[in-house]
Structure formats: structure tokens, C-alpha cells
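The lines below spell out each chain.
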Amino acid sequence: QVQLVESGGGLVQPGGSLRVSCAASGSIFGLYAMGWYRQAPGKQRELVAIITSGSNTKYADSVKGRFTISRDNAKNTVYLQMNSLKPEDTAVYYCNAPEWYDGSWHASSYWGQGTQVTVSS
């Protein structure tokens, strides 16, 4: 079983930067793909970025060129560096260990508690 704990959220002005982190339990962290999802008020949870065990990455079109996902397997941690933030990036950001099947990524049942990111002047 994987336990995930997010941190690093906060309030930032438009155009600013923020890095959120997700610490995972388990000695086989390096074998998992890891992902960041977000959920804004009144909206469905959406995929933001994924990094595979081989460090290949995938991003939502809305964050390409602004967000960077990375991982440190020695620390069992995955990061999301967010630059050029916009008000529409405001959401609760969740960490997940997604699974690949049927030709696409699917969120697993392993979720953290989330961390709030608010972009506002």
C-alpha cells in the first residue's frame, strides 16, 4: 500500500512560481509512475502531469511549458514546479500513483490529502 503526503501549496500572485512536493511511503517508490492532479471548485479532478518510473513525462496542454514534474527516488518524493502561474491554476493539487491500461493513464486509489494552491493578486 502506498501513502502519499503533499506539501508546499500556498497563495501566489499571477506570474509567480510555486513548488509542491509529494512524499510517498514504500520501498518500491521507484517502480511506480507518479502523477499530479488538481481539482478546482465546482470542477472535476483533472490530470496535470505524470512522470513514469523511467522519468518520461506527460503534461496537460494547459500547463505545458509552465509546469515541470520531477522525482527523487532516493527521497521517495515527486515534485511539481509551477511557473508563470495563472488564476485558473487555482485548485487543490493531489498526488497519485496512476496506472497504465487500456491505452491510457488512470488514477489509482492511492491519493494524498491534497494541497491548496491559490493564484490571486
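Presented here is a report on the structure given in the accompanying data block.

Definitions and limits used
- Here the residue numbers are simple positions, counted from 1 along each chain's written sequence.
- Only residues with pLDDT of at least 70 are given local features in this predicted model, and only at 80 or more are side-chain atom pairs given and counted; all residues enter the totals for whole chains, interfaces and linings.
- Side-chain calculation: all heavy atoms of the structure are included, whereas hydrogens and water are not.
- Strands here are runs of E lasting at least two residues and helices are runs of H or I lasting at least four, both read from the DSSP assignment and numbered beginning at the N terminus.
- The atom set for the radius of gyration is the C-alpha atoms, and the globule formula is 2.2 Å times the number of residues raised to the power 0.38.
- Classification of residues uses two cut-offs on accessible area relative to the type maximum, computed with a 1.4 Å probe and protein chains only: under 20% is buried, over 50% is exposed, and between them is partly exposed.
- Residues count as neighbours in contact if any of their non-hydrogen atoms are within 4.5 Å of one another.
- Two residue types count as positive, namely Lys and Arg, and two as negative, namely Asp and Glu; His and chain ends fall outside the count.
- In this description, the location of a charge corresponds to atom NZ of lysine, CZ of arginine, CG of aspartate or CD of glutamate.
- Only strands joined by at least two bridges in the DSSP assignment are considered to pair.
- Axis definition: a line fitted to C-alpha atoms, limited for helices to the stretch in contact. Angles are taken between N-to-C directions and run from 0 to 180 degrees.
- Sulfur atoms of two cysteines make up a disulfide when they are within 2.5 Å.

This next bit is on the overall build of the protein. Looking only at helices and strands, the protein features 0 helices and 12 strands. A globule of 121 residues ought to have a C-alpha radius of gyration of about 14 Å, and the protein, at 13 Å, matches this closely. Each principal axis of the C-alpha atoms in the protein carries an extent, and together these give about 40 × 30 × 25 Å. Out of the 121 residues in the protein, the part that is buried amounts to 42%. The long-range fraction of contacts in the protein, counting pairs at least 24 apart against all pairs at least 6 apart in sequence, stands at 56%. In the protein, 10 positive and 8 negative side-chain charges are present, and the distance between their average locations comes to 5 Å.

A sheet is described by the order of its strands in space; here 6 strands give the open sequence E2-E12-E9-E4-E5-E6, paired in mixed fashion. Each edge of the open sheet carries a strand with a single partner, namely strand E2 (10-12) and strand E6 (57-59). Each neighbouring strand pair of the sheet contributes to a mean axis angle of 25°, computed without reference to strand direction. Direction of pairing for strand E9 (residues 91-96) relative to strand E12 (residues 115-119): antiparallel, over a ladder of 3 bridges. Each bridged residue has a counterpart across the sheet, and for Tyr93 the counterpart in E12 is Thr115.

Attention now goes to the state of the cysteines. For the structure on display, the rule yields 1 disulfide. Between the sulfur atoms of Cys22 and its disulfide partner Cys95 the distance amounts to 2.1 Å. Taking the sign of the S-S torsion, about -85° here, the bridge from Cys22 to Cys95 comes out left-handed. Residue Cys22 is located in strand E3 (residues 18-24), and its partner Cys95 is located in strand E9; the two are separated by 73 residues in the primary sequence. Residue class for Cys22 comes out buried when judged on its relative accessible area of 0%. Note on Cys95: relative accessible area 0%, which makes it buried.

Only one face of E12 is covered, namely the face carrying Thr115, Val117 and Val119; the face carrying Gln116 and Thr118 is uncovered. Summarising the sheet, E2 and E12 pair through 3 bridges and their orientation is parallel. What sits directly across from Gly10, in E12, is Val117.

This paragraph deals with the sheet that holds E3. Strand order in the open sheet made by the 4 strands is E1-E3-E8-E7, with antiparallel pairing throughout. The two strands at the open ends of the sheet, each matched to only one other strand, are strand E1 (4-7) and strand E7 (67-72). Direction aside, neighbouring strands of the sheet carry axes that sit 15° apart on average. The pairing of E7 with strand E8 (residues 77-82) spans 6 bridges and is antiparallel. Among the inter-strand pairings, Phe67 is bridged to a residue of E8, identified as Met82.

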